[in-house]
Amino acid sequence: MTPEQKMKALVICVALAALTATALGQLPDKTRTPNVANEGINKSLAQQIGAGRGDALTPNSSAFIIARDPFRAIRRGRQLFQRKHLRSEGAGPLSGDGVGDINVNLALGAGLADSCAACHGRPRGSAGFGGDVVTRPDSRDSPHLFGLGLREMLADEITADLRAIRARAISEAVAQQCAVTRRLNSKGIHYGSITAYPNGAVDTSEIEGVDADLRVKPFFAHGGTISIREFIVGAWNDEMGLQAVDPDLTAAAAGNRIITPSGMVLDGSIDKIKPAPAATALDDPDMDGVANEIPVSLVDFMEFYLLNYFTPAIYEQNTQTAIGRRIFEKIGCAVCHVPDLTINRDRRVAEVESLYDTERGIFNNLFATAIPLFNSINDGSGWPAIKRPRFGRFVVKNIFTDFKRHDLGPNFYERNFDGTIRQEFLTRPLWGVGTTAPYGHDGRSVNLTEVILRHGGEAQEAQQEFRRLPYPLRSKLLDFLNTLILFPPDDTASNLDPGDRSAPGFPQFKHGSIKLTVLFNDPTDVE
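The notes below deal with the structure included here. Keep in mind it's a predicted model, so treat the numbers as computed, not measured. (Residues numbered from 1 in each chain as written. Predicted model: local features only at pLDDT ≥ 70, side-chain atom pairs only at ≥ 80, totals over all residues. Heavy atoms only, no water.)

### Let's talk about unusual backbone geometry
Where the residue is not glycine, phi is negative for most of them; where a peptide bond is considered, it is trans in most cases.
Okay, so step 1: Put simply, A437 and P438 share a cis peptide bond, and its omega is -5°.
Okay, so step 2: The peptide bond linking F506 to P507 adopts the cis configuration, its omega dihedral lying at 10°.
Okay, so step 3: The backbone of N60 shows a phi angle near 70°, a positive value even though the residue is not glycine.
Okay, so step 4: Position of N60 among the secondary structure elements: in the loop between α2 (45–49) and α3 (62–68).
Okay, so step 5: On the accessibility criterion, N60 (37% relative accessible area) is partly exposed.
Okay, so step 6: Its identity as a non-glycine residue notwithstanding, M287 has a phi of 55°, on the positive side.
Okay, so step 7: Residue position: M287 is located in the loop between β9 (265–267) and α8 (296–307).
Okay, so step 8: Classification of M287 as exposed rests on a relative accessible area of 73%. (Helix = DSSP H or I, 4+ residues; strand = E, 2+ residues; numbered from the N terminus. Buried < 20%, exposed > 50% of the residue type's maximum accessible area, 1.4 Å probe, protein only.)

### A word on the packing of helix α4 (residues 70–82) against α8
Okay, so step 1: Relative orientation of the contacting elements α4 and α8 amounts to 105°, with a least axis distance of 7 Å. What the angle tells us is that α4 and α8 run roughly perpendicular. Here P70, A73, I74, R76, G77, R78, L80 and F81 of α4 lie close against α8, whose contacting residues are L298, F301, M302, F304, Y305 and L306.
Okay, so step 2: For the contact of α4 with α8, the residue count by class is eleven nonpolar, one polar and two charged. (Axes fitted to C-alpha atoms, helices over the stretch in contact; angles between N-to-C directions. Parallel < 35°, antiparallel > 145°, perpendicular 65-115°, else oblique. Contact = heavy atoms within 4.5 Å. Nonpolar A, V, L, I, M, F, W, Y, C, P; charged D, E, K, R; others polar.)

### A closer look at the environment of G209
Okay, so step 1: Topologically, G209 is positioned in the loop between β7 (202–203) and α6 (228–240).
Okay, so step 2: If sequence neighbours within four positions are ignored, G209 has contacts with F403, K404 and R405.

Okay, here's the thing in structure tokens:
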């Protein structure tokens, strides 16, 4: 049976989805906090850890589940994201218990949360937005994590393109014994130029929007981290006081080249990789008496979940929003907020497209369609087939970013605790922008109009064009931006769980959801 046939067959059997309780923003562990409503995570932390990392022949290990039961792996990562961690599991205290030199250790201002969803939980049940931390004097808002894996892949491919151009320029300069200048272009985006010399030296002074090493860093407002894995291990430590054990980051930080279970290449010989806070399962860096607080299997599940996390939705499109989009492009917004970008090698196992649909979107006028992106391979082991990503091309629509840093003028400048001023920030992807107010990396702009008018510097001309727009045209542009939305996966009907308006208790029950349970090898074994 092909993946498409299996998906269709499973959709027919959506009644199995009722076996899984609806999940909310943060979730308690039902094995610790049983309740009449039957809400919460079904598996204990020990059950989620399972048999450790193992391999594709080690049942209940992260490598086995990711390879053979990937939708369970995604769901388990999601439950970990929502899990409320306990002090007995090592949660807290803050780095240095909140005492130290915040000029050099920004984690002191990160705050203390008991789950990932405490900062990334809006809309409910999503890997969304909502938190605010004082890692800078003017604070930083927590961004949503929709489409995070696509951002990692795009940034990594752009990096590879730019570095390949540099390598060719050096080879040509050496062969021709003269200086060679090459433009740095990738995916239709211009990153300046480099000049290579016969002695192998490279002039990087004309590079635009990225560091001199040409590594595109897609995470954090200023572009500070290259991988999902580093991002989540850092967040567990800084925001929750939980130290992860991760041999992948430890090896890469030591200069080795590794490939994570989600397929991300980390090469410490060419990139600076931050090591995991705990080098071994016996380490207790925060000296709270709990070691191995986040075993490597949990890091694997969380990375795989965020690699495959849903893209934002598109709300109702009409003549007015179509005009608004054309205005957006005409006044120059799309110069930096590039609408669509193509991934050459997609490492995900599925795509979920969520669109406005008043008929099938029975609760919030949105309907999600899960689309398989894997091939099943029988390895003859007797275990379920391996579900391997197809590694095909994928057009990332409506992302609206160029993965470059820009100087948008003093209105966006950011004070640091050490007295310096940060002037450049990554172009924020606009997908989801219609539902993520307030705006700016610091949350200081209360609506879309204000954050657009806040633009200056490199965006001054586009800002002035927006300011000059007659009110009706400005409204159309804003109407378009407001169709780029986030959504609650547990409240959005889908081809996996379409819901039923006529069911008793609707809409508290049977409102539909993106229910990955029906795609498990064993849907009766719920997460």
